[in-house]
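# Structural overview
Chain by chain, the residues:
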Amino acid sequence: MEFPQQQKPAEGKITYPPGVKEITDKISNDEVVKRLKMVVKTFMDMDQDSEDEKQQYLALALHLASEFFLRNPNKDVRLLVACCLADIFRIYAPEAPYTSHDKLKDIFLFITRQLKGLEDTKSPQFNRYFYLLENLAWVKSYNICFELEDCNEIFIQLFKTLFSVINTSHNQKVQMHMLDLMSSIITEGDGVTQELLDSILINLIPAHKNLNKQAYDLARVLLKRTVQAIETCIAYFFNQVLVLGKSSVSDLSEHVFDLIQELFAIDPHLLVSVMPQLEFKLKSNDGEERLAVVRLLAKLFGARDSELANQNRPLWQCFLGRFNDIHVPVRLECVKFASHCLMNHPDLAKDLTEYLKVRSHDPEEAIRHDVIVTIINAGKKDLNLVNDQLLGFVRERTLDKRWRVRKEAMMGLAQLYKKYCLHHEAGKESAQKISWIKDKLLHIYYQNSIDDKLLVEKIFAQYMVPHSLETEEKMKCLYYLYACLDPNAVKALNEMWKCQNMLRGLVRELLDLHKLPPSEANNTAMFGKLLTITKNLPDPGKAQDFMKKFNQVLAEDEKLRAQLEQLISPTCSCKQAEVCVREITRKLTFPKQPANPFLEMVKFLLERIAPVHIDSEAISALVKLLNKSIEGTADDEEEGVTPDTAIRSGLELLKVLSFTHPTSFHSAETYESLLQCLKMEDDKVAEAAIQIFRNTGQKIETELPQIRSTLIPILHQKAKRGTPHQAKQAVHCIHAIFHNKEVQLAQIFEVQAIKLLVRWLLGMKNNQSKSANSTLRLLSAMLVSEGDLTEQKKISKSDMSRLRLAAGSAILKLAQEPCYHEIITPEQFQLCEQLLIKFFLDECYQVRQIFAQKLHLALAKLLLPLEYLAVFALCAKDPVKERRAHARQCLLKNISVRREYIKQNPMAQEKLVSLLPEYVVPYMIHLLAHDPDFTKPQDLEQLRDLKECLWFMLEVLMTKNENNSHAFLRKMVENIKQTKDAQAPDDPKTNEKLYVVCDVALFVITNKSTACHLESPKDPVLPTKFFTPPDKDFINDKDYLSSEARTFLLTGKPKPNPVLGTVNKPLSVTGRRPYTKSAPLEAGSNLSSNSEPCSPAGSKGSTWLSEPGSHTGGFGHLEPDRPFWKSPQEPSSETGQASGRKWDAGAPPSSTENSVTCQTTAAPPPAVNKPRRGRPPKSLAGGGASSAEKEGGGAGRGRKRAVPASDGTGTPTVEPITIKIPKQQDTDAKRSAPQRQMDLQR
């Protein structure tokens, strides 16, 4: 074998390491391998400092580069030789022992070929291959090739070899040595040729990238490591291709845009000089070329962590200009890019917004569609990525002229709503940001297109209130959704339910026609129903054919009809509806026909008529939510609504559902909750509840009697006292629910008619037409007949009670108007008084209670004339002790109010005849003289009743003798006895009764007061309407009481009156501490300052009528403050009756205005044996207290002051109604100034 000329040692002999024989082609391959291994070990152990060894083995180094070794067919030999050569380059560095360029080229090509052995990591020789790579990389042996002219061939071969052998089995060290080897060539060389650059870039092309991912990673890391050295080469390459259009410079020219994308992803600095060239390409006249550049830049700008838009603003602005490109695909590509850009670079949203706005109005449907997709995709990833303006573009496109665009916009908004509002995936702020979506989607239901309506229904069922949720969660979504909708959205939702219900009705009518025998008329009717149904389905033309086919299937398949009937049944539950839809769909499915438009059309119909949301369970869940809102335990605030809004909207929701699903409401629990709503103060809530009863309560009367009994009085009350809308709905409700509607409505109308008459008369304020007289006769007749004017006994007792109360209240109203009071004759006044007293004895507790309140309030406000106060005298005949106490409390309060008013208003001195309480005595005497029970003037029992009635009033008036009022009373009675009854002056019996009453009154006054015989300061003024003027020629000095009668009245056993001690306590306001300080003594006040209130411990009840108010100021007006009223307790004699706001058995509750309740107070009076005037000594006072405690039975604990008696009858004095006096007045009263005298004659 011939070798080229090479450097030899001086001796011309090859020296081998010790123990190694000569290596020639004469020995076998195995022996060659054996000897080479020893040589390899020798070179491995040598280092660069072994100068002697280097010189010794120089010939061997040259020998190893001979053709025998470089072209040896044995791979083991070649590997060992390559390892030796690598070590030789290491040992002799920096000068290689080989001076021939050709030899160096052959050697490095030989070594490069051996590196292919790195591919098999499982080979036994892999460690030697790795040693070879490591040695080459560490020494940078290939750098010797820079001196060779054709070194590029070696480098290209090396790079291709390394990129081809790299695989997943290599560890990090292999990749690191490869990178060190290649990077040193790139960074330390004068430049990178295009062929060498192609060997690197080819691994970035998508096709190669997918074949060898490790080679791609190696190239990527290599480029990133050598970015400074290789950038100019890359720029030159792209400049040749992009600017000069020389695609022949490289085989990779056609992949230039893919390479730019990959290089930008590796390191943007690799393309610093390339980006301006892309701006030039964006302005190309070739649309396809612009499209390619736009696609590239879209990827570069939209890449995660890309700063290209900020670093190269001119390129970014030039790219944005392509949104307005004339080429449709370019605009479309720009719009698609926007989605990734919004997701990865929210800061660029502002720049994109204006261009997307223009494209949202693009004439191309596809571009408008993709604008929506772009915004929605970004919004679904993170709602903060899209601003309100971008969402507004989607909102506009819900009204696009193309169905595809509208559908995409609506579905996109629905998905956003479900994600952020329903599931709250981004918190309340995000939900608030898109809270308008629900309203906007429902507004689309107003569109004429049936496709829009069907899509809204689908969105509502799947996204807004998903039917797949559990019932409670589903109804909670619906409850709060309805509360948050705007009025137009509410109307749209109501219309949607209405249309679905209407379609269910059409299908039900179609099924009913199938039950009839076949006929021409029947077929015509079916065809008409089918036409109407198809108008509610998409594409009515095709739908008509499909519905005909479906109708034919229904006629032939009885089971299918049964399933459809169950689906539209009012009692069908949501779960049953799902089963029915599934069964019907299964029967109409044809396996051999995957695309079945007939089945799709039937599904549309079934989706519209199936009750997927509302059934009895759902209504019950809604009612429970409403109850929680009423009770204040619901999550209203967390859901963004106030409790009042939740209650009102919840009732409105139930009202709407009561039209479409009335059967689902029929349960006692639901109706009881609605009854609670009827009692709320919100007018809208009550009105909605009434309408719900109207729509759903057809079976209440027969199946739920308890609900009926509670509902009737409430409806009556709403019909009479509710708002006009409530009254209207209440009348409709009565008409719809009850069978005896005529009786129910007649009672309401009678009451309203009474009110109408009274209001009309009060508005006229004159009696020129004599209408007041006829009205009074009508009201009197109604009271006489106890509420049943027709006397046909067709009215229930409760209704009669209401009519009696209405009539009595009307009389009181008319009596408060002066012009009508003047026309009331004495006969009518007596009838009124007799009728008024009936209310105190009425069998219905509420009638007594409400009328007593009305009478008391009118008198306390000084609205009724003084003569109506005389009715309290007749209350003494009430057999129930508690009711007598009630009446006496009213009397005390009214007298107190009048006295205070007189004291605090100087102008009142001119109207003493109508204000001074003592002037009630003439009216009382006249009233008792005409009492129907007073028929026998000399009957002892009737005389005793007269005495009790007179003393009931006089006891309060005679509590104190200020200004000699006792003498004034005696003088007044004596003057009456000198007159005649103006009602019948010539009737001896009438006058006799009048005089008998006067004598009894005088008897009571003289026996109860020792000061009555003094001289009266003034002559009393008698009402001429009831008494004739005194006749000077007539002197009546006859005594009309026999001695027996006087003895009986004096020593007999009159009716016990223990109530006097009971009521001698100050009236208190509920929840307040009673004000017990006595008012200072002043002229005109008959209340004793020495009276003490009874001990609360001695009370067996509580006060019936509480104090109308604490008068901290003067009575400058004629209407004192409105009283406070306590809750009622039935008198002890009427046990078994309910307390609180409940009615007596068989009587309906009163209205809210009149539901004033009263409580009783009763206690036995302390026994006092001997009366004493003035304040007793301390010793006597103490003794009196002890005896009172003993005789009183120890009603209360603690020390008590003795109750002074007014006279010998054993009747205690009366504690006044204590009223707060202004501070200045209280101070003045304590001064010892002379008391102001009262002119009793005025």
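Everything numeric here is computed off the predicted structure, so don't read it as measured data.

### What to know about the overall build of the protein chain
Scanning the protein chain from terminus to terminus reveals 56 helices and 0 strands. Each of the 1242 residues in the protein chain was classed as buried or not, and the buried ones make up 54%. Taking all contacts inside the protein chain whose residues are at least 6 apart in sequence as the whole, residues at least 24 apart take part in 74%. For the protein chain, the accessible surface area stands at approximately 57100 Å², while carbon and sulfur atoms represent 50% of it.

### Description of the nonpolar core
The biggest cluster of nonpolar side chains holds 229 residues, and the ones touching the most others in it are L85, Y142, F238 and F693. Among the elements that take part in this core, helix 5 (residues 75-91) stands out by supplying 12 residues, more than any other. When sequence neighbours within four positions are dropped, the list of residues in contact with L85 reads L64, A65, L70, Y98, I107, F110 and I111.

### With respect to helix 50 (residues 940-957)
For helix 50, with 18 residues, the first-to-last C-alpha span of 25 Å sits near the 26 Å given by 1.5 Å per residue. With respect to burial, helix 50 is a largely interior element, 15 of its 18 residues being buried. The backbone nitrogen of E941 lies 3.1 Å from a side-chain oxygen of the residue at the head of helix 50, namely D939.

### Comments concerning the state of the cysteines
Overall, the coordinates contain 0 disulfides when judged by the stated rule. Here C145 stays unpaired: no disulfide links it, and the sulfur of C151, its closest cysteine neighbor, is 7.0 Å away.

### Details of the packing of helix 22 (residues 388-397) against helix 23 (residues 403-422)
Closest axis-to-axis distance for the helix 22/helix 23 pair is 8 Å, and the angle between their directions is 130°. Here helix 22 is positioned oblique relative to helix 23, judged by the angle of their axes. The two elements helix 22 and helix 23 cross, and the hand of that crossing is left-handed. Between helix 22, through L391, V394, R395 and R397, and helix 23, the contact on the second element is made entirely by V405, R406, A409, L413 and L416. Taken together, the residues of the contact of helix 22 with helix 23 break down into 6 nonpolar, no polar and 3 charged.

### A short note on the pattern of salt bridges
One pass over the structure, following the stated rule, counts 42 salt bridges. Between E67 and R71 there is a salt bridge, with the nearest N and O atoms lying 2.4 Å from each other. E67 gets classed as buried once you look at its relative accessible area, which sits at 19%.

### Section: the packing of aromatic side chains
Overall, the coordinates contain 21 aromatic pairs when judged by the stated rule. When the centroid spacing of 6.1 Å and the interplanar angle of 55° are considered together, the rings of F546 and F598 count as tilted. Of the two residues, F546 is situated in helix 30 (residues 540-556) and F598 in helix 33 (residues 597-609); the sequence distance between them amounts to 52 residues. Relative accessible area serves as the criterion here: at 3%, F598 is assigned to the buried category. On the basis of an interplanar angle of 85° and a centroid distance of 5.5 Å, the ring pair of Y923 and F1026 is categorised as edge-to-face. You can see Y923 sitting in helix 49 (residues 920-929) and its partner F1026 sitting in the loop between helix 52 (988-1008) and helix 53 (1043-1051), a full 103 residues away along the chain. With a relative accessible area of 12%, Y923 lands in the buried category. A relative accessible area of 3% places F1026 in the buried class. Over the ring of Y216 we find K209; its NZ or CZ atom is 4.6 Å from the centre of that ring.

### So, helix 23
Spanning 20 residues, helix 23 covers 26 Å between terminal C-alpha atoms, matching the ideal 28 Å at 1.5 Å per step. Looking one or two residues past helix 23, H424 carries a phi angle of roughly 55°, positive in sign.

### Thoughts on the confidence of the model for the protein chain
Confidence in the prediction of the protein chain, expressed as mean pLDDT, is 77, and 80% of residues score 70 or more. Confidence drops under a pLDDT of 50 for residues 1054-1242, and excluding neighbours within four residues, the segment shows 389 contacts in the predicted structure.

### Here we look at the environment of F934
Along the chain, the position of F934 falls in the loop between helix 49 and helix 50. Judged by its relative accessible area of 2%, F934 falls in the buried class. Once the C-alpha coordinates of F934 and V997 are considered, the two residues, 63 residues apart in sequence, prove to be 9.9 Å apart. For F934, the contacting residues outside a window of four places in its chain are L928, A929, Q942, L946, K993, V996 and V997.

### Description of unusual backbone geometry
One non-glycine residue, D539, lies in the positive phi region at around 50°. In this structure, D539 sits in the loop between helix 29 (520-534) and helix 30. Assessed through its relative accessible area of 39%, D539 is described here as partly exposed.

### So, the packing of helix 19 (residues 328-344) against helix 20 (residues 349-359)
At a minimum axis separation of 11 Å, helix 19 and helix 20 run at an interaxial angle of 145°. The interaxial crossing formed by helix 19 with helix 20 has left-handed handedness. Here R331, V335, F337, A338, C341 and L342 of helix 19 come into contact with helix 20, specifically with A349, L352, L356 and R359.

### Comments concerning the environment of G191
With respect to the helices and strands, the residue G191 is situated in the loop between helix 9 (172-188) and helix 10 (194-201). Overall, the relative accessible area of 48% leaves G191 in the partly exposed class. Distance in space between the C-alpha atoms of G191 and A229 is 7.6 Å, their sequence separation being 38 residues.

### Regarding a negative patch on the surface
Taken together, D47, D49, D52 and E53 make up a surface patch of like negative charges. Along the polypeptide, D49 turns up in the loop between helix 1 (29-45) and helix 2 (51-56).

### Regarding the side chain of D999
As for its position among the elements, D999 is in helix 52. In this structure the side chain of D999 is engaged in a polar contact, spanning 2.6 Å, whose partner is the backbone nitrogen of Y1040. Sequence-distant contacts of D999, that is, excluding residues within four places in its chain, are made with K977, K1038, D1039, Y1040 and L1041.

### A word on the side chain of T471
Residue placement: T471 occurs in helix 27 (residues 471-484). The class for T471 is buried, based on a relative accessible area of 13%. Contact partners of T471, with chain neighbours within four places excluded, come to E617, A618 and A621.

Analysis parameters
- Residues numbered from 1 in each chain as written.
- Predicted model: local features only at pLDDT ≥ 70, side-chain atom pairs only at ≥ 80, totals over all residues.
- Heavy atoms only, no water.
- Helix = DSSP H or I, 4+ residues; strand = E, 2+ residues; numbered from the N terminus.
- Buried < 20%, exposed > 50% of the residue type's maximum accessible area, 1.4 Å probe, protein only.
- Contact = heavy atoms within 4.5 Å.
- Areas by Shrake-Rupley, 256 points an atom, 1.4 Å probe, with all protein chains shown as cover.
- Core = buried A, V, L, I, M, F, W, Y, C linked by side-chain atoms within 4.5 Å.
- Expected span 1.5 Å × (residues − 1).
- Polar contact = N/O pair within 3.5 Å; in protein donor to acceptor, adjacent residues only side chain to side chain.
- Disulfide = S-S within 2.5 Å.
- Axes fitted to C-alpha atoms, helices over the stretch in contact; angles between N-to-C directions.
- Parallel < 35°, antiparallel > 145°, perpendicular 65-115°, else oblique.
- Left-handed = near helix turned anticlockwise from the far one by under 90°.
- Nonpolar A, V, L, I, M, F, W, Y, C, P; charged D, E, K, R; others polar.
- Salt bridge = Lys/Arg side-chain N within 4 Å of Asp/Glu carboxyl O.
- Phe/Tyr/Trp six-rings, centres within 6.5 Å; stacked < 30°, edge-to-face > 60°.
- Lys NZ or Arg CZ within 6 Å of the ring centre and 35° of its normal.
- pLDDT = per-residue confidence, 0-100.
- Patch = residues over 30% accessible without salt bridge, like charges linked within 9 Å, V, L, I, M, F, W, Y side chains within 5 Å.
- Lys, Arg positive; Asp, Glu negative; His and termini not counted.
- Charge placed at Lys NZ, Arg CZ, Asp CG, Glu CD.

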